[in-house]
Amino acid sequence: MLGVSVATAALAQRARMEVLAEQARRRARRLGRSVLVSVTTELKPRDPLALFARGVGVTHNRLFWSRPADGLAVAGLGAAWSFAASGPERFALAAQAWRELVAHAEVAADPTLPFSGPMAAAGFAFDPDRPALGHWDGFADGLLLLPRLTLATDGQRTSLTVNGLVGPTTSSIQLHLAAARRLRDLLGRTWRAPQIDAGLELRDALPPGVWRAMVAAAVAELRAGSLEKVVLAREVRARSQSPFDPAATLEALRRDYPDTFVFALARGGRTFLGASPERLVSLQGRTVAASSLAGSAPRGSRPAEDAALGQALLASPKDRVEHAVVTRMLLDALREVCADVVAAPEPTLMRLHNVQHLFTPLTATAASGTSILDLVARLHPTPALGGQPREAALAWIRQHERLDRGWYGAPVGWIDAQGQGEFAVAIRSALVGRYEASLFAGAGIVAASDPEREERETEIKLRAILGALGARGAEMFTTEAQRTQRGLR
Ligand SMILES: C=C(O[C@@H]1C=C(C(=O)O)C=C[C@H]1O)C(=O)O
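Given the structure is predicted, the values throughout are model-derived calculations rather than measurements.

## So, the UniProt feature "domain: Chorismate-utilising enzyme C-terminal" (unreviewed entry) in the protein
When the UniProt feature table is mapped onto this chain, "domain: Chorismate-utilising enzyme C-terminal" (unreviewed entry) is found at residues 211–461. Taken end to end, residues 211–461 has its terminal C-alpha atoms 16 Å apart, with 35% of it in helix and 37% in strand.

## Quick look at empty space enclosed by the protein
As enumerated under the stated definition, the model contains three cavities of 30 Å³ or more in all. In this structure, the largest cavity occupies an estimated 200 Å³ of space. Lining the largest cavity are 21 residues, and of these Ala384, Ile427, Arg428, Gly442 and Lys461 sit closest to its centre. At five residues, the largest contribution of residues to the lining of the largest cavity is made by strand β23 (residues 436–445). Looking at the second largest cavity, its volume works out to about 110 Å³. Along its surface, the second largest cavity is lined by 16 residues, and Leu63, Ala121, Ala264, Val412 and Gly413 are the ones closest to its centre. Secondary structure elements with two or more residues in the lining of the second largest cavity: β2 (61–67), β6 (119–124), β12 (261–267) and β20 (411–416). The element best represented in the lining of the second largest cavity is β6, accounting for four residues. Broken down by class, the residue content of the lining of the second largest cavity amounts to 14 nonpolar, two polar and no charged.

## Focus on the nonpolar core
The biggest cluster of nonpolar side chains holds 75 residues, and the ones touching the most others in it are Trp65, Trp98 and Val288. Residues lining this core come from more than one domain, with at least three contributed by each of domain 1 (6–188) and domain 2 (203–485). Residues in contact with tryptophan 98, not counting those within four places in the same chain, are Trp81, Pro118, Met119, Ala120, Leu144, Leu146, Ile415, Asp416 and Ala417.

## Focus on the environment of glycine 199
Assignment of secondary structure puts glycine 199 in the loop between α4 (173–184) and β10 (200–204). Overall, glycine 199 belongs to the buried group, its relative accessible area being 9%. Residues glycine 199 and alanine 238 lie 39 residues apart in sequence; the distance between their C-alpha atoms is 9.6 Å.

## As for helix α10 (residues 390–400)
Side chains that are three or four residues apart share a direction in an α-helix, a result of its 3.6 residues per turn. Among the residues of α10, Ala393, Leu394, Trp396 and Ile397 are the ones counted as buried. The arc enclosing the buried residues of α10, seen along the axis, measures out at 160°, which places them on a common side. Exposed residues lying more than 90 degrees from the buried face of α10 are Glu391 and Gln399. Packing partners of the buried residues in α10 comprise α5 (210–224), β11 (229–240) and β19 (387–388). Of the residues trailing α10, arginine 402 is marked for its positive phi of about 60°.

## A look at the site of the ligand
Near the ligand there are 18 residues, and of these Glu278, Leu293, Ser296, Tyr408 and Arg428 occur at the shortest range. Between the ligand and the protein, one listed contact pairs an oxygen atom with a side-chain N or O atom of glutamate 278 at 2.7 Å. When the free accessible area of the ligand is taken as 400 Å², the share hidden by the protein chains comes to 100%. Taken atom by atom, the bulk of the ligand overlaps the largest cavity. Breaking the shell around the ligand down by element, the ones donating at least two residues are β15 (287–298), β23 and α11 (451–469).

## Structural notes on the side chain of threonine 360
Following the sequence through the fold, threonine 360 ends up in strand β18 (residues 355–366). We classify threonine 360 as buried; its relative accessible area is 2%. Residues contacting threonine 360, with those up to four places away along its chain left out, are Ala290, Ser291, Ser292, His323, Thr327, Ala343, Ala344, Glu346 and Pro347.

## Considering the environment of glutamine 420
On the secondary structure map, glutamine 420 appears in the loop between β20 and β21 (421–425). Each C-alpha atom, one on glutamine 420 and one on serine 116, is 12 Å from the other, the two residues being 304 residues apart in sequence. In this structure, glutamine 420 is in contact with Leu283, Gln284, Gly285, Ile372, Trp414 and Ile415, ignoring residues within four places of it in sequence. In terms of polar contacts, glutamine 420 uses its side chain to reach the backbone amide nitrogen of glycine 285, at 2.6 Å.

## Some details on the pairing of strand β3 (residues 72–77)
Extensive coverage of β3 is indicated by the burial of six of its six residues. Relative to β3, β2 is paired through six bridges, and the arrangement is antiparallel. Bridge pairing links arginine 62 to leucine 77 in β3. The hairpin formed by β2 and β3 contains four residues between the paired strands, and glycine 71 there has a positive phi angle of roughly 75°. Judged from the five bridges that link them, β3 and strand β8 (residues 149–153) form a sheet pairing that is antiparallel. When the bridges of β8 are listed, glycine 76 appears paired with threonine 150.

Reading the values: the criteria
Residues numbered from 1 in each chain as written. Predicted model: local features only at pLDDT ≥ 70, side-chain atom pairs only at ≥ 80, totals over all residues. Heavy atoms only, no water. UniProt positions renumbered as here; feature names shortened; annotations may be inferred. Helix = DSSP H or I, 4+ residues; strand = E, 2+ residues; numbered from the N terminus. 1 Å grid on protein atoms, 1.4 Å probe; cavity = no way out; pocket = protein on both sides within 12 Å on 5 of 7 lines; lining within 4 Å. Points joined across faces, edges and corners; volume = space filled by probe spheres on them. Nonpolar A, V, L, I, M, F, W, Y, C, P; charged D, E, K, R; others polar. Core = buried A, V, L, I, M, F, W, Y, C linked by side-chain atoms within 4.5 Å. Buried < 20%, exposed > 50% of the residue type's maximum accessible area, 1.4 Å probe, protein only. Domains from an automatic or database assignment. Contact = heavy atoms within 4.5 Å. Arc of directions from axis to C-beta. Near = heavy atom within 4 Å. Polar contact = N/O pair within 3.5 Å; in protein donor to acceptor, adjacent residues only side chain to side chain. Areas by Shrake-Rupley, 256 points an atom, 1.4 Å probe, with all protein chains shown as cover. Sits in = over half its atoms within 2 Å of the grid points. Pairing = 2+ DSSP bridges.

Next up, the structure:
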């Protein structure tokens, strides 16, 4: 089947949904709790980002996830079920809640379709023990969100999934169906990304110079020998004259950063979004893939300059140390729970529009019954975002960084009914409100780091998201030092 129209799919789904709902109702009575019903059908190709865009103002929860270079994209609207956890056990609590939900679900899915069956989006806080500063309300330490409606494509085929809960006494399936129908009506509408015309005003969350001083303090500590590496982040606040449009930003990100994970989770008026080049971990069957990504250099404007910068990065002892710390930690952590753990022998370059990185892919075989969330719990935070040794680095960050990372730098991704899934590290990201956005970027600090160079590195990393939010020309320079140099203040 090449896909059918929305109307036909809706009719087929309604009938199937009602049959399953009746079975679920009986099961719910027996179990004394609600049971999930999930139906997936094939649709004619359409763009999930358009559904994400159209859902604004219609539902509180919207999500988007894609790997543009692979043709993969998924959008979800509404919440058929959600789960929030707090504290350090947030991964285990989320894994258990999800296992219990799907264990008794009534599912009609076609495994040959992309993202078939119930699929929850998941996001986590970087550090549940951080000092919370407030603007991350609604983004729990751990959040699972099963949309009422999911539209997904792998570039070849497109699937539509409707999810709903059936209670033991009264059935809420009618309500779910009505809500899903309302959301499904949005599918037919056309959408074109509007021109982004922002006019941004930027300022650092910390007073000028304070970030560099903090890096200098970290370097002193690293040279004293108690730490091997610590990653320090900056927050830059952007104010726009016209309202931000997250869907337009996602469109720009997928165009300019096709080799990244382009993601968004909108909760009411605020959207956490980004284009991360860093896969934390994926699990497909028993095959595990992870990546070490650390060590950065700018892109050159001409091919020869670009190649020279890349070669210098590959040969830089400081960057090789930063990188090796991450690869070693990933190898050790995966070996505790997986077989056949292999890392590429040497890092290669990952080249993105704004920056190039040292990159080492890793693969492994998981024990059967492993959930992607078990792997996430073990790997987060890697020393690409935390440091080494992990606990000492986290303590240093908590004490000195003076910002609330919230979900920045933390796992974001999805999990399916079999416990398979994929998580990216939420970098190159921002928390976007109507007129205000908080952008985040960090850099790995080792004993050989130089504060000014590290600040420049965060600058380059910030450009991805700044450009996609509509910054132009001079607005791309976020640091006081850069603006002064260019006579911009
Ligand atoms: C911390 C960030 O990026 C991480 C740090 C890198 C580095 O220090 O070289 C490179 C890639 C990422 O693992 C960020 O983009 O905010």
